[in-house]
Amino acid sequence: MRALALACLLSLTAGPVWSQTDEPEVSTGPKTEVEKLAKSYDVEVQAFWVEFQKLEDDDARQKYYETKYPKPDATAAKMMVIAKANAGKPLGFDAIFWALNNRVQGESKSTALELLGAHYLEEPRLGHVLGSIERDPSTAAGGFLLAAMKSSKREVKGAAHFHYAKYLLNLGSLANYLEGAKGDERKQFVEYLGGDAAAKEIAAMDHAKLAVQAEGLLDTVAKKFADLDAGRGQTMGDVAKRDLFEVRNLSVGKPAPEIKGEDVHGKTFALTEYRGKVIFLDFWGDW
Amino acid sequence: MYPHERSLVKRLAGLPFAILGVNSDRDREALKKTLVDKNLTWRSWWNGPEGPGTKGGIAEQWNVKGWPTTYVIDAKGIIRYKNVRGEALDTAIETLLAEVGVKAPPKAAEESEGDPGL
């Protein structure tokens, strides 16, 4: 169950912080072409969860989740047709917003990035989709985030600084992971990265340099864009400060910050009591 | 990950090695039961009282956003690896033990296979 819970959790935490339901609902039922397509995909997803709930066995559930969760690809392709026909208009942005929020990959993703770069760098809502791009290690994604950093809209500029920093940090951890991966695991991972050439490029990156660059960007966010809304009741300042703490104090090579607190029985203990031992520190939950 | 952790505890017993957890379960009593039922003998901080759970506390200070998130820390208290799993985790721990002059006993044949699950 842990693996499935993790998959669900990661898809929640790695995803964009915004959803379209944040916007005030004016009427019930879908009105635009984009809303209609989105609605019919939602119906598919709901049907999936109904079947999922009927399964009792954890393994069966996991398998069902892995094989039957509705893929957004077909809907996204239709969304991109709408986006191209309405490039520069709010409806086109809605279509792209949907595709990126549903973590679409491949051709639709490339189309979405191209259209955003060409038509929506001044769209105030652009900041809300950047979170779904930061985990894409492609140079196209990085280039787009860099372009968004030059937007004249302050909320876009601030969000782009933040998410480009996260993009750079992600490249660093991918390079790290690639170094340790062997055999089939490595093969799968190289495929995920987009093939040998892309993997080679990532492996050749200078981690320390990426971290320094990311730290500078996060510092800028914390100083100049701290007041911006980051979704989920947090400001850009809140999230940037936590990420800065991680870059500065939780990177490989840094002394582990002290941990002091109670165990499940209420007894206090500290990480430094274990100095002299090799420690495997596991942030875990049994859910 | 439990079977891997249990096998580490067993294989490295008596050596300068420890597993420490930071647990983000919400229900303290249920957690006590989990520790017993699943034979999780290593110590964990409970991520309370500010949380409890995935918000606040140690997990927030360490900027944890996905579970499990793991670190391997050397005998001097320096962070040396993040989120290494499977064989890479064994190698990481063995490397750091070797740095303090300790050789880890070899894995039993059945341990090198994947998690049988629990």
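Everything quoted here is computed from the prediction, not taken from an experiment. (Residues numbered from 1 in each chain as written. Chains lettered and ligands numbered in written order. Predicted model: local features only at pLDDT ≥ 70, side-chain atom pairs only at ≥ 80, totals over all residues. Heavy atoms only, no water.)

A.B. asks: How should the overall build of chain B be read in this particular structure?
C.D. replies: Regarding its fold elements, chain B presents four helices and four strands. If you list the helices and strands of chain B from N to C, you get α-β-α-β-α-β-β-α. The buried share among the 118 residues of chain B stands at 47%. Considering only intrachain contacts with a sequence separation of at least 6, the fraction spanning at least 24 residues in chain B is 49%. Accessible area of chain B: about 5,800 Å², with a carbon and sulfur share of 54%. (Helix = DSSP H or I, 4+ residues; strand = E, 2+ residues; numbered from the N terminus. Buried < 20%, exposed > 50% of the residue type's maximum accessible area, 1.4 Å probe, protein only. Contact = heavy atoms within 4.5 Å. Areas by Shrake-Rupley, 256 points an atom, 1.4 Å probe, with all protein chains shown as cover.)

A.B. asks: Can you walk me through a negative patch on the surface in this structure?
C.D. replies: Residue and element names in this part refer to chain A. A cluster of acidic residues, Glu56, Asp57, Asp58 and Asp59, forms a negative patch on the protein surface. Inspection of the secondary structure assignment puts Glu56 in the loop between α2 (33-54) and α3 (58-68). Exposure remark for Glu56: the relative accessible area of 75% places this residue in the exposed category. (Patch = residues over 30% accessible without salt bridge, like charges linked within 9 Å, V, L, I, M, F, W, Y side chains within 5 Å. Salt bridge = Lys/Arg side-chain N within 4 Å of Asp/Glu carboxyl O. Lys, Arg positive; Asp, Glu negative; His and termini not counted. Charge placed at Lys NZ, Arg CZ, Asp CG, Glu CD.)

A.B. asks: Looking at this structure, how should I read the nonpolar core?
C.D. replies: Here is a general trend for soluble globular proteins: nonpolar side chains tend to be buried in one another's company. Residues and elements named next belong to chain A. One finds Ile96, Leu116, Leu126, Leu130 and Ile133 to be the most contacted residues of the largest nonpolar core, which totals 65 residues. Among the elements that make up this core, the one with the highest residue count is helix α8 (residues 154-180) (12 residues). The residue makeup of this core includes at least three contributed by each of domain 1 (1-120) and domain 2 (122-259). Contacts of Ile96, omitting those with residues within four sequence positions, involve Met80, Ala83, Ala112, Leu115, Leu116 and Tyr120. (Core = buried A, V, L, I, M, F, W, Y, C linked by side-chain atoms within 4.5 Å. Domains from an automatic or database assignment.)

A.B. asks: Would you take a moment to explain the pattern of salt bridges for this structure?
C.D. replies: For side chains of opposite charge, pairing can occur when their charged atoms come near one another. Applying the stated rule across the entire model yields 22 salt bridges over all chains. Two residues, Asp263 of chain A and Arg43 of chain B, come together in a salt bridge whose shortest N-O distance is 3.3 Å. Residue Asp263 of chain A is located in the loop between β1 (260-262) and β2 (268-270), and its partner Arg43 of chain B is located in strand β2 (residues 43-46); the two belong to separate chains. Asp263 of chain A gets classed as buried once you look at its relative accessible area, which sits at 7%. Relative accessible area serves as the criterion here: at 24%, Arg43 of chain B is assigned to the partly exposed category. When the shortest N-O distance is used, the salt bridge between Lys38 of chain B and Asp286 of chain A registers 3.2 Å. Linking Lys38 of chain B in the loop between α2 (28-37) and β2 with Asp286 of chain A in the segment after β3 (278-284), this pair reaches from one chain into another. With a relative accessible area of 23%, Lys38 of chain B lands in the partly exposed category. Residues joined in a network through salt bridges with shared partners are Glu215, Asp219, Lys223 and Arg248 of chain A.

A.B. asks: Hey, could you run me through the confidence of the model for chain A in this one?
C.D. replies: Interpretation of the predicted coordinates at a detailed level should be avoided for regions scoring low in pLDDT. Residue and element names in this part refer to chain A. Mean pLDDT over chain A works out to 88, with 90% of the residues at or above the 70 mark. Looking over chain A, one finds the lowest element-wise mean pLDDT in helix α1 (residues 2-13), namely 40, and the highest in helix α4 (residues 73-85), namely 96. Scored below 50 in pLDDT, residues 1-23 makes 46 contacts in the model with residues more than four places away or belonging to other chains. (pLDDT = per-residue confidence, 0-100.)

A.B. asks: Sorry, what's going on with the packing of aromatic side chains here?
C.D. replies: In this description, a pair of aromatic rings is defined by centroid distance and the angle of the planes. Tallied over the entire structure, the rule returns 20 aromatic pairs over all chains. Geometrically, the ring pair formed by Trp49 of chain A and Tyr69 of chain A is edge-to-face, given 6.2 Å between the ring centres and 70° between the ring planes. With Trp49 of chain A in helix α2 and Tyr69 of chain A in the loop between α3 and α4, the pair connects residues that are 20 residues apart, well separated along the chain. A relative accessible area of 30% means that Tyr69 of chain A is categorised as partly exposed. Ring-pair connections join several aromatic residues into one group, and the members of that group are Phe48, Trp49, Phe52, Tyr64, Tyr65 and Tyr69 of chain A. In this structure, Arg43 of chain B is placed above the aromatic ring of Phe269 of chain A, and the distance from its NZ or CZ to the ring centre is 4.1 Å. (Phe/Tyr/Trp six-rings, centres within 6.5 Å; stacked < 30°, edge-to-face > 60°. Lys NZ or Arg CZ within 6 Å of the ring centre and 35° of its normal.)

A.B. asks: Mind showing me how you'd approach the sheet that holds β3 of chain A here?
C.D. replies: Within a sheet, adjacent strands bond to each other through the backbone by hydrogen bonds, running parallel or antiparallel. Taken together, the five strands give an open sheet; going across it, the order is β2(B)-β1(B)-β3(A)-β3(B)-β4(B), and neighbouring strands pair in mixed fashion. Looking along the sheet, the strands with just one partner apiece sit at the ends: β2 and β4 (79-82) of chain B. When strand polarity is set aside, the average angle formed by the axes of neighbouring strands in this sheet is 20°. Where helix α1 (residues 2-11) of chain B meets the sheet, its contacts fall on β3 of chain A together with β1 (17-23) of chain B, and the angle it forms with β1 of chain B comes to roughly 145°. (Pairing = 2+ DSSP bridges. Axes fitted to C-alpha atoms, helices over the stretch in contact; angles between N-to-C directions.)

A.B. asks: I tried to follow the interface of chain B and chain A on my own but got confused; where do I start?
C.D. replies: Many descriptions give the size of an interface as the accessible area lost when the pieces come together. With 55 residues of chain B in contact, the opposing surface of chain A contributes 48 residues. Here chain B meets chain A over a buried area of about 5,000 Å², counting both sides, of which 59% is carbon and sulfur. Our count for the contact surface shared by chain B and chain A stands at six salt bridges. Summed over the shared surface of chain B and chain A, the result is 29 residue pairs in polar contact (both at pLDDT 80 or more). Of all the elements in the fold, those that place two or more residues in the side of chain B that touches chain A are α1, β1, α2, β2, α3 (57-61), β3 (69-73), β4 and α4 (86-99) of chain B. Top element by residues in the side of chain B that touches chain A is β1 of chain B. It accounts for seven residues. Considering only residue class, the side of chain B that touches chain A consists of 31 nonpolar, 12 polar and 12 charged. In this sheet, β3 of chain B lies alongside β3 of chain A in antiparallel orientation, the contact comprising five bridges. (Buried area = accessible area lost by both parts, 1.4 Å probe. Polar contact = N/O pair within 3.5 Å; in protein donor to acceptor, adjacent residues only side chain to side chain. Nonpolar A, V, L, I, M, F, W, Y, C, P; charged D, E, K, R; others polar.)

A.B. asks: Just to check I follow, could you spell out the pairing of β3 of chain A for this structure?
C.D. replies: Along any regular strand the residues' side chains alternate between the sheet's two faces. Counting buried residues in β3 of chain A gives seven out of seven residues, a clear majority hidden from the surface. Judged by which residues are buried, β3 of chain A turns out to be covered on both faces: Val278, Phe280, Asp282 and Trp284 of chain A on one side and Ile279, Leu281 and Phe283 of chain A on the other are all buried. Looking at chain direction, β3 of chain A and β1 of chain B are connected through seven bridges and run parallel. From the neighbouring strand, Val278 of chain A faces β1 of chain B, where its bridge partner is Phe17 of chain B.

A.B. asks: What am I meant to see in unusual backbone geometry here?
C.D. replies: Where the residue is not glycine, phi is negative for most of them; where a peptide bond is considered, it is trans in most cases. Residue and element names in this part refer to chain B. Note the cis peptide between Trp67 and Pro68, where omega equals -5°. By the secondary structure assignment, Pro68 is in the loop between α3 and β3. One non-glycine residue, Asn39, adopts positive backbone phi at about 55°. Here Asn39 lies in the loop between α2 and β2. Assessed through its relative accessible area of 44%, Asn39 is described here as partly exposed. Notably, Asn63 is not glycine yet its phi reads approximately 55°, a positive angle.

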